[in-house]
Each structure stands twice: as structure tokens, then as C-alpha cells.
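Residue-level listing of the chains:
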Amino acid sequence: MDVTKAIQERKSIRGYKQDPIPKQVLTEILDLSRFSPSALNAQPWEFLVLTGDSLERAKKENLECYAAGMEIASYVAEYTLTGVYRGRQVQLAKDLFQLMGIAREDKQKRQDLMRRGLRFFDAPAVILVCMDRSIYDGTSNQMSLADIGVVTQTIALLAVERGLGTCIQFQAAWYPDALRKAVGLPYGKEVILGLAIGYPDWEFPANRIQAQREPLDSLVTWRD
Ligand SMILES: Cc1cc2nc3c(=O)[nH]c(=O)nc-3n(C[C@H](O)[C@H](O)[C@H](O)COP(=O)(O)O)c2cc1C
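## Points about the pairing of strand S2 (residues 125-132)
Within a regular strand, the side chains alternate between the two sheet faces. With 7 of 8 residues buried, S2 is to be regarded as a mostly interior element. With 5 bridges connecting them, strand S1 (residues 46-50) and S2 associate as antiparallel partners. Of the residues in S2, the one forming a bridge with Leu48 is Leu128. In this sheet, strand S4 (residues 189-198) lies alongside S2 in antiparallel orientation, the contact comprising 8 bridges. Across the sheet, residue Val129 finds its bridge partner in S4, namely Leu193.

See below:
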């Protein structure tokens, strides 16, 4: 598969088959992802791969935190959009609700979808992309957060090439302290985001999503 096709085919997958992913396949993806570029070649990424019991513990912990109304991580909670950006967020939610048959006022079903995300969409594996606290707490962590974005997209594209789907999830790190305890992540490591990963269930309605994109003309300014 060439890169163009992988980019065109990748989309967020929110429903998975239960087939496990061979460890060798996950290893190959992560091994190749190491070749992603990073600012000053810092390579500030580390991966914690959850399958089996550890994944079940993470899901249980997330759902318990949600049920208890626990406060979510401030960097997620404080990320609120306005203007056109908010418009795009609302459109995505509308599209997802429509595909899932969720009426706007159906709070229960909307919460079910939220819980589904906290269960990592029932993917057979989750890759937590983590960073050492020494970098995370540094004054210029914008650089390393950009690096995390780069390596995450690399993983997502390598996954597509292997017939796998992913959903990048900030929701994976809503409750970082609880998650840390559930999966045995040392205090010195910070979870930035997660990737649910597995073989897509193409029957799952939300997987029909085609998230809209802005036209190129509205994004690019050419200067001679
Ligand atoms: C950093 C990041 C965090 C995201 N967090 C979530 C999430 O918590 N839950 C979710 O359903 N999708 C999440 N997404 C997926 C976006 O909603 C999705 O990428 C966007 O709507 C574009 O759709 P596409 O991936 O299908 O092309 C996230 C994407 C990124 C890049």
C-alpha cells in the first residue's frame, strides 16, 4: 500500500472485531514508528501496549471514574473550541449521532457512546503513547507534544497498511492517575493519548463516518 492510499483510507474506527492482533504485527508497527521525526531528535515517545487483563482493568477503571463523576484531566477539560472550530466539533457529533441512531435529546444513548469510548471502543488492544515527566513538565513541551502527534499518525498509517483500524483518543487519558494505577504505569511517565487498535468491524454504524474536511483553498495561502 502506498502512503497516499493509506492516508485516504485511514479514518477513526469506533467498532472492532474481537480478533486479537498478532504481537508480531504490533511489534512491527511500533518498530517502524521509531523512524518518525522529532524536534532535536528527542524521540520523546514511549508506548504501553494494553491487551488482555491490563486492558480490562483500564476499561473498568475508566468506567468507574466516569460513573463516579470524577474530574477529567485538565488539559482535556480545558480544551474548548469556539467559532468555526466549534462548528466542526458540533458537525462531527451530529454525524456520529446520526449514524448511531442517537437523538439529540437522548442523554442516555449519548452517555453510552461516551462509555464506549472509555472502553476504547472494545478494541482488542490499546497503545498508550506516553512521555517521560521530565520532558512533559519542561517549559517547551509544545515541541514534544508535536512529536507525539507525528508518531501517532505514523502508527495510524502503518496500521491501515496491515488491515487494522485505529482511533486516536484523548479520552484514553481522561483519568490519568486512575489509569496509571490500573495498568502499572510509573509516576514518572505521563499518558498523552491512546490509540484503540484492531480489525475494523465494518458493520458497526459509526465506522461509516466520513469526517468532513475544509477545502484546500481555505487553508493555503501561496506567496511568490
Ligand atoms: C489528538 C486526537 C484526539 C482524539 N480524541 C478522540 C477521542 O477521544 N474520541 C474519539 O471518538 N475520537 C477522537 N479523535 C478522533 C477525531 O475525532 C477524528 O480524527 C476526526 O473527527 C477526523 O476524523 P477521521 O479520523 O475519521 O478522519 C481524536 C483525534 C486526535 C488527532
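## Here's the deal with the pattern of salt bridges
According to the stated counting rule, one finds 16 salt bridges in the structure shown. Where Lys59 meets Glu56, a salt bridge forms, and the shortest distance between an N and an O atom there is 3.3 Å. Remark: Glu56 and Lys59 occur in helix H3 (residues 52-67); sequence separation between them is 3 residues, near one turn of the helix. Given the relative accessible area of 44%, Glu56 is considered partly exposed. Glu64 serves as the salt-bridge partner of Lys60, at 3.2 Å between the closest nitrogen and oxygen. Residue Lys60 and its partner Glu64 are both found in helix H3; the two are separated by 4 residues, about one turn of the helix. One continuous salt-bridge network, built from bridges that share partners, spans Glu56, Lys59, Arg116, Arg119 and Asp122.

## A closer look at the packing of helix H2 (residues 23-33) against helix H8 (residues 141-161)
At a minimum axis distance of 9 Å, the contact between H2 and H8 shows a crossing angle of 140 degrees. Between H2 and H8, the interaxial angle falls into the category oblique. In this structure, H2 meets H8 at a crossing whose hand is right-handed. Residue-level inspection shows Ile29, Leu30, Leu32 and Ser33 of H2 in contact with H8, the latter providing Val151, Thr154, Ile155, Leu158 and Ala159.

## Here's the deal with the environment of Ile135
By secondary structure assignment, the location of Ile135 is in helix H7 (residues 133-136). On the basis of relative accessibility, which here comes to 29%, the residue Ile135 falls in the partly exposed class. Residues Ile135 and Lys189 lie 54 residues apart in sequence; the distance between their C-alpha atoms is 9.6 Å. Ignoring sequence-local partners within four residues, the contact set of Ile135 consists of Pro44, Asn141 and Ser144.

## Some details on a nonpolar patch on the surface
Among the surface-exposed residues, Leu216, Leu219, Val220 and Trp222 lie close enough to one another that they form a single nonpolar patch of about 490 Å² accessible area. By the element assignment, Leu216 lies in the segment after S4.

Parameters and conventions
- One numbering rule holds for all chains: residues counted from 1, following each sequence as written.
- Where local features are concerned, this predicted model is filtered to residues with pLDDT of at least 70; where side-chain atom pairs are given and counted, the filter is 80 or more; whole-chain, interface and lining totals use all residues.
- Hydrogens and water molecules were not included; the side-chain quantities draw on all heavy atoms of the structure.
- Under the scheme applied here, a residue whose accessible area is under 20% of the maximum for its type counts as buried, over 50% as exposed, and between as partly exposed, the area being computed with a 1.4 Å probe on protein chains only.
- Under the DSSP-based scheme used, a helix requires at least four consecutive residues in state H or I and a strand at least two consecutive residues in state E, with every element numbered from the N terminus.
- Should DSSP find at least two bridges between two strands, the strands are regarded as paired.
- Here, a salt bridge means any side-chain nitrogen of Lys or Arg that lies within 4 Å of a carboxyl oxygen of Asp or Glu.
- Each axis is a line fitted through C-alpha atoms, and for a helix only the stretch in contact is used; angles between axes span 0 to 180 degrees, taken between their N-to-C directions.
- An angle counts as roughly parallel when it lies under 35 degrees, as roughly antiparallel when it exceeds 145, as roughly perpendicular when it falls between 65 and 115, and as oblique in every other case.
- We call a crossing left-handed when the near helix sits turned anticlockwise from the far one by less than a right angle, and right-handed when that turn is clockwise.
- Contacts: residue pairs with any heavy atoms within 4.5 Å of one another.
- Residues form patches when they are more than 30% accessible in relative terms and have no salt bridge. Like charges link within 9 Å. Nonpolar side chains (Val, Leu, Ile, Met, Phe, Trp, Tyr) link within 5 Å.
- A 1.4 Å probe and the Shrake-Rupley method give the accessible areas. Residues count as covered only by the protein chains that appear here.

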